[in-house]
Structure formats: C-alpha cells, structure tokens
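Below, each chain spelled out in residue letters.
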Amino acid sequence: MVFWIQAGLGALVVFFSLMNGPDPLERWTGLDIGTFLGGIVAGLAAFWIAPSIWGFFGQTYNAVGVGLAVGFFVMAISAGWKMLAIICASVSLFGLLFEHAGFFIGLATLIIVSCFAEPTHTKKGIVGVTAFLLALSWWVFIYELDIRVNLWPQF
C-alpha cells in the first residue's frame, strides 16, 4: 500500500513539475512523443526478448537493465530527451556490468557513455575525467570505506 501511495504522489509531483516552475518545459514535438513511446515499446520488447537470447539476461534483474538501456537509447534519438536518456542509459549499463565485469569497467562505461550526452567534450577531457573519477572512486569506496566488490571481471 505504501508503494502505491508513493508511486501516486511521485506521478503527481512529476506531472506538476513539468507544467509549472520558473523554467517549464517547452511543448513536446512529435519526435519527442514518438521517441518517448518508442523507448517504452523497445524497452519492453528488449526486456521480454533478452532472456531468450542469452541466459545471463535471465539472471536476477539483468533483463530489466537491458530493457532500460535499450529504451533510453531509443529516447536519446530526440534532442529533447538526449541528455537525460543517455545519462539514464549509462546508469543502466553500469548496473549490468558491475557484477560480472567489475567495478572499474562498469564505472568507466558509466562515465564514458555519460560524456556522450554533451557533444562538446573532447577525447582528452573524457580520458582525463575517466581516469580521475576511477582513481577517486577507488580511493573513496575501496580504500577508505573498504567496500568489497569485484574490481575486475570474474570468469
């Protein structure tokens, strides 16, 4: 019951936040609506099809991650959704890669894919920020907080 109350309140907050405020969203174009609906359809299709392609996607919530990533990448076709969709897709990819590919590969994927949300990033800048954030994340989470996760792929 608490879930449904929170889901309803969340939907109301999102609805009213899109329509009000100092910087309301512009009217959605046909492409924005089409990629939004296409992302939902593509994400659901990927969610249902992924476990039959590879057994890895049938484990835990991996099919959900594939569905989310596919759906967000479809949404990224529209310029209005591009930044948000690419960043959300990168988080989905991180979730997919983290357990089996390890902390460093998952985090590097998250950072590099997120950088595609803004086209003005240079290759040197992406490499630099990736190296810095990998080192910082290792220092904070692995060294200081002693969180025990796979750092590299486990076969």
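Residues numbered from 1 in each chain as written. Predicted model: local features only at pLDDT ≥ 70, side-chain atom pairs only at ≥ 80, totals over all residues. Heavy atoms only, no water.

Draft legend 1. Main features of the UniProt feature "transmembrane region" (unreviewed entry) in the protein chain. In this numbering, the UniProt entry assigns the feature "transmembrane region" (unreviewed entry) to residues 36-57, 64-87, 93-113 and 125-143. Secondary structure within residues 93-113 divides into 95% helix and 0% strand; the distance between the first and last C-alpha atoms comes to 9 Å. Each end of residues 125-143 is marked by a C-alpha atom, and these two atoms are 26 Å apart; helix forms 100% of the span and strand 0%. (UniProt positions renumbered as here; feature names shortened; annotations may be inferred. Helix = DSSP H or I, 4+ residues; strand = E, 2+ residues; numbered from the N terminus.)

Draft legend 2. Looking closely at the pattern of salt bridges. Per the counting criterion, the structure on display carries one salt bridge. Here Asp 146 ties to Arg 148 by a salt bridge, and the two come within 3.0 Å at their closest N and O atoms. Using a relative accessible area of 71% as the deciding quantity, one classes Arg 148 as exposed. (Salt bridge = Lys/Arg side-chain N within 4 Å of Asp/Glu carboxyl O. Buried < 20%, exposed > 50% of the residue type's maximum accessible area, 1.4 Å probe, protein only.)

Draft legend 3. Summary view of helix H4 (residues 82-101). Its 20 residues place the ends of H4 26 Å apart at the C-alpha level, agreeing with the 28 Å of an ideal helix rising 1.5 Å per residue. Taken together, the buried positions of H4 are Ala 85, Ile 86, Ala 89, Ser 90, Ser 92, Leu 93, Leu 96 and Ala 101. Considering only its buried residues, H4 is in contact with helix H3 (62-75) and helix H5 (103-115). Downstream of H4 by one or two residues, Gly 102 has phi in the positive range, about 100°. (Expected span 1.5 Å × (residues − 1). Contact = heavy atoms within 4.5 Å.)

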